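As a plain string of letters, each chain reads:
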Amino acid sequence: MTDLELLEEAKKARKMAYVPYSKYKVGAALMTKSGKVIHGCNIENAAYTPCNCAERTAFFKAVSEGIYDFCKIAVVGGFEEADIDALCTPCGVCRQVMQEFCNSKEFEIIMYDGAKVKTMKLEELLPFGFGPDNLK
Ligand code: THU
């Protein structure tokens, strides 16, 4: 699957976003090395703190099914009915969750600003990250 196709999967996932508070809908499509795609959306909560980002929804769905061989994730976000016109970059907490399960030199984050695709390695988004290797 191409990066553009994975972004299309993220757009599909975004339709399921539950965002009564921010109205900002995010979709993620997490791809495994064998080509499986796991979808995630953001899920908000009246108490705010339990809000879950789209990226973490996708990771936690996968891990809960025993899937760990991740190679890339596509992320798209924007206000409810508006067109996507800016990059939605993963928040710090989601970057840390990626660090837990992915090789930061290899794992790619694919983003879209409505016109151009931007791809970055996790290592670029979270330099000097603290991860499982630090506890070995
Ligand atoms: N959000 C995500 O789902 N992923 C990101 O990468 C950034 C932010 C969500 C959290 C919240 O539901 C809404 O976007 C506004 O912050």
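Reading guide: rules and limits
Residues numbered from 1 in each chain as written. Predicted model: local features only at pLDDT ≥ 70, side-chain atom pairs only at ≥ 80, totals over all residues. Heavy atoms only, no water. Buried < 20%, exposed > 50% of the residue type's maximum accessible area, 1.4 Å probe, protein only. Helix = DSSP H or I, 4+ residues; strand = E, 2+ residues; numbered from the N terminus. Contact = heavy atoms within 4.5 Å. UniProt positions renumbered as here; feature names shortened; annotations may be inferred. Polar contact = N/O pair within 3.5 Å; in protein donor to acceptor, adjacent residues only side chain to side chain.

Some points on helix α3 (residues 92–101)
In step 1: If you check which residues of α3 are buried, you get Cys-94, Arg-95, Val-97, Met-98 and Gln-99.
In step 2: The secondary structure elements touched by the buried residues of α3 are α2 (54–64), β3 (70–79), β4 (108–112) and α4 (122–125).

With respect to the UniProt feature "binding site: substrate" (unreviewed entry) in the chain
In step 1: UniProt's entry tags Asn-42, Ile-43, Glu-44, Asn-45, Ala-46, Ala-47 and Tyr-48 with the feature "binding site: substrate" (unreviewed entry), counted in the numbering of this structure.
In step 2: Turning to its location among the elements, Asn-45 is positioned in the loop between β2 (37–41) and α2.
In step 3: Here Asn-45 falls in the partly exposed class, since its relative accessible area comes to 29%.
In step 4: Aside from chain neighbours lying at most four places away, what touches Asn-45 is Tyr-21, Pro-50 and Cys-51.
In step 5: Here the side chain of Asn-45 touches Ala-47 through a polar contact of 2.8 Å, landing on its backbone nitrogen.
In step 6: By the secondary structure assignment, Ala-46 is in the loop between β2 and α2.
In step 7: The class for Ala-46 is exposed, based on a relative accessible area of 58%.

A few points about the environment of Ser-22
In step 1: The topology assignment puts Ser-22 in the loop between α1 (3–14) and β1 (24–32).
In step 2: A relative accessible area of 31% places Ser-22 in the partly exposed class.
In step 3: When the C-alpha atoms of Ser-22 and Glu-44 are compared, they prove to be 8.2 Å apart, with 22 residues separating the residues in sequence.
In step 4: Ser-22 has contacts with Glu-44 and Phe-79, leaving out every residue within four places of it along the chain.
In step 5: A distance of 3.0 Å separates a polar side-chain atom of Ser-22 from the backbone nitrogen of Tyr-24.
In step 6: A polar contact of 2.5 Å, which involves the side chain of Ser-22, links it to the side chain of Glu-44.

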